Amino acid sequence: MAPGDWMRVAPAAGGLERIEAYFAGHAFDPHRHDTYAIGITLAGLQSFGYRGSRADSRAGNLIVIHPDEVHDGRAGAEAGFRYRMAYVEPRLIRAALGRSARSLPFVRQPVSTDPRLARALRLALADLERPLEELEADRFVLLLADALLALDPSSAGRPLPPGCGAAVDRARQFLDAHHDRAVGSKELEAITSLDRFALARHFRARLGTSPYRYLVMRRLDRARSLLRAGHSLVDAALACGFADQSHLTRQFRSAYGLTPGRWRAMHVEAPAAARRRGR
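Just so we're clear, the structure is a prediction, and the values are computed from it rather than from any experiment.

> So what's going on with the layout of surface pockets? Which residues, and what values?
A volume near 680 Å³ is recorded for the largest pocket. Taken together, 40 residues line the largest pocket, and the ones lying closest to its centre are Glu17, Ile19, Tyr87, Arg224 and Tyr256. Counting only elements with at least two residues in the lining of the largest pocket, the list comes to strand E1 (6-9), strand E2 (16-23), strand E3 (26-31), strand E4 (36-50), strand E6 (62-65), strand E7 (71-75), strand E8 (81-88) and helix H7 (211-228). The leading source of residues in the lining of the largest pocket is H7, at six residues.

> If you had to explain H7 to someone new, which residues and values would you point to?
Compared with an ideal rise of 1.5 Å per residue, which puts 18 residues at 26 Å, H7 spans 26 Å between its outermost C-alpha atoms and is within 8% of the ideal. The element H7 is extensively covered by neighbouring structure, given that 13 of its 18 residues are classed as buried. Just downstream of H7 lies Gly230, where phi reads positive at about 100°.

> Break down the pattern of salt bridges for me, with residues and values.
For the structure on display, the rule yields 24 salt bridges. Here Arg196 ties to Glu189 by a salt bridge, and the two come within 3.1 Å at their closest N and O atoms. Arg218 is paired through a salt bridge with Asp221; the nearest N and O atoms lie 2.9 Å apart. With Arg218 and Asp221 both in helix H7 and three residues apart, this pair spans about one turn of that helix. Linked through salt bridges whose partners overlap, the residues forming this network are Arg8, Glu20, Arg82, Arg84 and Glu129.

> Any details on the pairing of E1? Residues and values, ideally.
Pairing of E1 with E2, which is carried by four bridges, proceeds in the antiparallel orientation. Among the inter-strand pairings, Trp6 is bridged to a residue of E2, identified as Tyr22.

> So, the side chain of Asp5: which residues are in play, and what are the values?
Note that Asp5 resides in the segment before E1. Look at Asp5 and you get buried, because its relative accessible area is 7%. Polar contacts involving the side chain of Asp5 include one to the main-chain amide nitrogen of Ala24, which spans 2.8 Å. Once you skip the residues sitting within four places of it in the chain, Asp5 turns out to touch Tyr22, Phe23, Ala24, His26, Arg262 and Met266.

Cut-off values and rules
Residues numbered from 1 in each chain as written. Predicted model: local features only at pLDDT ≥ 70, side-chain atom pairs only at ≥ 80, totals over all residues. Heavy atoms only, no water. 1 Å grid on protein atoms, 1.4 Å probe; cavity = no way out; pocket = protein on both sides within 12 Å on 5 of 7 lines; lining within 4 Å. Points joined across faces, edges and corners; volume = space filled by probe spheres on them. Helix = DSSP H or I, 4+ residues; strand = E, 2+ residues; numbered from the N terminus. Expected span 1.5 Å × (residues − 1). Buried < 20%, exposed > 50% of the residue type's maximum accessible area, 1.4 Å probe, protein only. Salt bridge = Lys/Arg side-chain N within 4 Å of Asp/Glu carboxyl O. Pairing = 2+ DSSP bridges. Polar contact = N/O pair within 3.5 Å; in protein donor to acceptor, adjacent residues only side chain to side chain. Contact = heavy atoms within 4.5 Å.

The following block contains the structure:
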């Protein structure tokens, strides 16, 4: 971790995480998460690899990264970069789109200046000091879903049959409730009435990832909460269904692009002097 790197996390909201961070150089190794990552570069040059190409986001540019897409992150200039990001669970976008879309929108260009997207982000990212009110969060998700659909009109159309959507929701709820243990395919088949392969296809279409990946990410969500509360890596690993500390570390790095230790060390309030310098 370079001297001066920091990250702060806004008060949590259901299915929505907001952060602000500064990096002087290397930020993240290649990784992927199961949420949309939608944000804005505040200062410097934010560079990242995405879908086989390098992308560069300058101050004022917007960033859209689709769930389960591998990407990394680094400063593209000596001054480093500062940004704010919202991580939005695909289920919220899916619910906001209702019957106006048959699949999750996929925005092919990861750097944007779209005014609809900017309007949505201003609502969510203008103030990270306070939690979003429930109706405020709902408005953000709806504005964001509409902006993403406008950027990918190919996702519009008839959605999955209602029965398939309900089956995916039952599987998701079961995984939420049992993330601290191994979940078998037969268990999900029993509660969804879909075979494991049909469920996997419908799960990805609706939530942007596989059932197993979703399960791992819920374990990591819980692990992050425990680490922020001061628990050791060993205790967090065992409490969240990982085999041991090294298993947690591998999965953590795969999901977030950095080790649990580095992630925890960065979670400090941004120094006021650094903010005045625009970092």
